[in-house]
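Topology and contacts: notes
Listed here are the chains, written in short residue letters.
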Amino acid sequence: MASACVAATVVALCGCGSTRAPTPAPPTASVTASGVTVTATLRPPREDRRDLEVTFTPQPGFHIYSVDLPAGGIDGLGVPTRIGVRGDLAADGAPATGSSTRLLRLTGLTTELPVYPDGPVTFTLPVRRTGGHRAEVVVTYGACSANACLKPEADKAIPLDLR
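Remember, it's a predicted structure, so these values are computed and weren't measured experimentally.

**Details of the side chain of His63**
Within the element layout of this structure, His63 appears in strand β4 (residues 63–64). Among all residues touching His63, those that are not within four sequence positions of it are Pro58, Leu104, Val115, Tyr116, Pro117, Asp118, Gly142, Ala143, Cys144 and Ser145.

Structural data, given as structure tokens:
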């Protein structure tokens, strides 16, 4: 009798037989243009805050320019990385990344440009929902290697379904 009670208690505590709905995947969207795949994921809320993670993955051997590059570049060179939102999301700060930049001197020039290391770079943008279920992540970027640059993208919209 005692073992039956223990077994019943274990079943009740473990939830055997109960069905728990799977946690829905966070809203995610991506686009590939000009040799770079950009993936945006809206993370679940944490303490009245939401983060939008945006990852830029250039083709192998290529890098993207820093968010600190001024508009118009330096001496007309380079395309600053920009991340924004519109629709039912609003930015609550500036994009941040744990990736550090380095200065790159282009062959034959004296101009140095701040770039991230070759490969993927992930940014976090604090956001808040402002309404319904439709938003766009808007990005600007340019990808280059040591010898070539790809066509830059300006104000590329990535539709994001917030449901």
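**Section: the state of the cysteines**
Throughout the structure, instances matching the rule amount to 1 disulfide. Sulfur-sulfur distance for the disulfide between Cys144 and Cys149 comes to 2.0 Å. Taking the sign of the S-S torsion, 110 degrees for the link of Cys144 and Cys149, the bridge is right-handed. By relative accessible area, Cys144 is classed as buried at 4%. The exposure class of Cys149 is exposed, given its relative accessible area of 51%.

**Remarks on the side chain of Arg50**
Structurally, Arg50 is set in strand β3 (residues 50–58). Put simply, Arg50 is tucked away with no salt bridge, and the nearest opposite charge, on Asp51, sits 8.6 Å away. Within polar-contact distance, the side chain of Arg50 engages the backbone oxygen of Arg43 at 3.2 Å. Ignoring any residue separated from it by four or fewer positions in sequence, one finds Arg50 in contact with Leu42, Arg43, Pro44, Pro45, Leu125, Pro126, Val127 and Arg129.

About the thresholds
Residues numbered from 1 in each chain as written. Predicted model: local features only at pLDDT ≥ 70, side-chain atom pairs only at ≥ 80, totals over all residues. Heavy atoms only, no water. Helix = DSSP H or I, 4+ residues; strand = E, 2+ residues; numbered from the N terminus. Contact = heavy atoms within 4.5 Å. Disulfide = S-S within 2.5 Å. Buried < 20%, exposed > 50% of the residue type's maximum accessible area, 1.4 Å probe, protein only. Lys, Arg positive; Asp, Glu negative; His and termini not counted. Salt bridge = Lys/Arg side-chain N within 4 Å of Asp/Glu carboxyl O. Polar contact = N/O pair within 3.5 Å; in protein donor to acceptor, adjacent residues only side chain to side chain.

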